Amino acid sequence: MALNLQQKKEVVAELASVTQKALSLVAAEYAGITVEKLTDLRRKARTSGVYIRVVKNSLLERAVEGTEFECVKGKLTGPLIFAFSKEDPGAAGRLIKDFVKINVKMVPRLVAVGGKAYGAAELDRLASLPTRDQALSMFLACLVQPATMLVRVMAEPANQLARVIKAVGDTKQAPAAQESEAQAPEAQASEAAAETV
């Protein structure tokens with residue numbers, strides 16, 4: 001269905017507002033994919049915080065003017081579906097990568113993040129970026145590790161002292177135990193002699 005000029009302006013305005021807030025962009029060729037599969041992709045996109053849209057390349061190029069995705073201008077060819085990550089930079093990459101595994105007709109063409117456009121080969125790198133929660137947990141682990149090591153270092157002298165005291169106690173108990181073992185056969189022999197008498 002052809003859009004009139006007013007509708008095109010509305011689409012460009014909507015895309016412009018999305019691109020200003022988006023963290024990454026993945027463009028993929030979708031020719032040959034059924035409407036059911038695209039509907040399923042849109043459903044998954046909504047749950048994973050990804051804005052997905054099929055739009056003419058010329059309209060997208062107008063919408064990205066003045067944003068970090070301006071780098072994709074002139075690189076968009078053919079019928080493309082655009083996925084913008086809204087919350088997590090790797091969300092669009094993971095979504096398209098997982099969809100491509102099931103639907104080989106979808107072919108990633110372009111990845112844009114941080115003001116730079118990359119080829120489809122970089123989709124795996126984008127998809128492997130940690131989620132926000134994963135990144136925070138990794139950061140927290142980096143913060144906690146030095147404190148843990150400090151506690152271990154400070155506790156080590158007390159642990160060494162306890163080991164030395166135990167070793168000294170063991171060495172003092174060892175001769176006493178040997179004496180009692182040596183006296184035990186003598187006591188048994190004297191009891192045996194007393195019984196025979």
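All values reported here derive from a predicted model rather than from experimental measurement.

(A) Here's a closer look at the overall build of the protein chain. Across its full length, the protein chain holds six helices and five strands. Going residue by residue from the N terminus, the α and β elements of the protein chain occur as α-β-α-β-α-β-α-β-β-α-α. Within the protein chain, the proportion of its 197 residues that are buried is 27%. Taking contacts inside the protein chain between residues at least 6 apart in sequence as the whole, the part at least 24 apart equals 78%. In the form shown here, the protein chain has an accessible surface area of approximately 13,000 Å², with 59% of it arising from carbon and sulfur atoms.

(B) Focus on the pairing of strand β3 (residues 80–85). Burial of β3 is extensive: six of the six residues sit out of reach of the surface. Here β3 shows no split at all, with L80, F82 and F84 on one side and I81, A83 and S85 on the other all buried. Summarising the sheet, strand β1 (residues 24–29) and β3 pair through six bridges and their orientation is antiparallel. In the strand pairing of β3, S24 is matched with S85. Alignment of strand β2 (residues 50–54) against β3, held across five bridges, turns out to be antiparallel. Paired with Y51 across the two strands is F84, which belongs to β3.

(C) Here's a closer look at the sheet that holds β2. The strand order across the open sheet formed by five strands is β2-β3-β1-β4-β5, and the pairing between neighbours is antiparallel. The strands lining the two open edges of the sheet, one partner per strand, are β2 and β5 (116–119). Strand-to-strand twist of the sheet, defined as the mean angle between neighbouring strand axes without regard to direction, takes the value 20°. Set on the sheet, helix α1 (residues 5–21) makes contact with β2 and β3; between it and β2 the angle comes to about 150°.

So, how was this worked out
- Each chain has its residues counted from 1, following the order in which its sequence is written.
- At least 70 in pLDDT is required for a residue's local features to be given in this predicted model, at least 80 for side-chain atom pairs to be given and counted, and no such filter applies to totals for whole chains, interfaces and linings, which use all residues.
- No hydrogens and no water enter the side-chain calculation; it runs on all heavy atoms of the structure.
- Under the DSSP-based scheme used, a helix requires at least four consecutive residues in state H or I and a strand at least two consecutive residues in state E, with every element numbered from the N terminus.
- Only protein chains enter the accessibility calculation, which uses a 1.4 Å probe; a residue whose area is less than 20% of its type maximum is buried, one above 50% is exposed, and one in between is partly exposed.
- Working rule for contacts: check all heavy atoms of both residues, and any pair within 4.5 Å makes them a contact.
- For the area figures, the Shrake-Rupley method with a 1.4 Å probe applies, and any residue is considered shielded solely by the protein chains shown.
- Pairing between strands requires that DSSP locate at least two bridges from one strand to the other.
- Only the stretch in contact is used when a helix axis is fitted, and all axes are lines through C-alpha atoms; the angle between N-to-C directions ranges over 0 to 180 degrees.

Limitation: the analysis is restricted to geometry and does not speak to function.
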